[in-house]
Amino acid sequence: MKQLVEDIAKALVDSGDAVDVKATPGEHATILELKVAPSDLGNVIGKQGLTARSIRTILTAAGAKINRKFTLEIVE
């Protein structure tokens, strides 16, 4: 899932080198922290959070297949 989020984020941003995804596994869920360049933050979040919500929906669907919850946090 970490690679999935990283690939999606790199496709959305201008500076793909600044994309960093950190996975923190928990007992029932895994938290994925996405860091991008400050200038690309708007591209990842999207208008009214639509792009971020779409990425979270993809994670939910993929996680359901393997019985695991994933949470995406976009950090500055």
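For the structure itself, consult the block above.
Because the structure is a prediction, the values reported are computed rather than measured. (Residues numbered from 1 in each chain as written. Predicted model: local features only at pLDDT ≥ 70, side-chain atom pairs only at ≥ 80, totals over all residues. Heavy atoms only, no water.)

K.L.:
Explain the environment of Val-5 to me, and be specific about the residues and the numbers.
P.N.:
With respect to the secondary-structure elements, Val-5 resides in helix H1 (residues 2-12). Linking Val-5 and Leu-34, residues 29 residues apart in sequence, is a C-alpha distance of 7.9 Å. Those residues in contact with Val-5 that lie beyond four places of it in its chain are Val-21, Leu-32, Leu-34, Leu-59 and Leu-72. (Helix = DSSP H or I, 4+ residues; strand = E, 2+ residues; numbered from the N terminus. Contact = heavy atoms within 4.5 Å.)

K.L.:
Any chance you could break down H1 for me, citing the residues and the numbers?
P.N.:
Regarding H1, the residues found buried are Val-5, Glu-6 and Ala-9. Taken end-on, H1 shows its buried residues confined to a sector of 100 degrees, consistent with a single buried face. Looking at the buried positions of H1, the neighbouring elements they touch are strand E1 (20-25), strand E2 (29-35), helix H3 (50-65) and strand E3 (69-75). (Buried < 20%, exposed > 50% of the residue type's maximum accessible area, 1.4 Å probe, protein only. Arc of directions from axis to C-beta.)

K.L.:
Explain the pairing of E1 to me, and be specific about the residues and the numbers.
P.N.:
Taken residue by residue, a regular strand's side chains alternate between the two faces of the sheet. With six bridges connecting them, E1 and E2 associate as antiparallel partners. Considered in E2, the bridge of Ala-23 is made with Leu-32. Count of turn residues in the E1/E2 antiparallel hairpin: three residues. (Pairing = 2+ DSSP bridges.)

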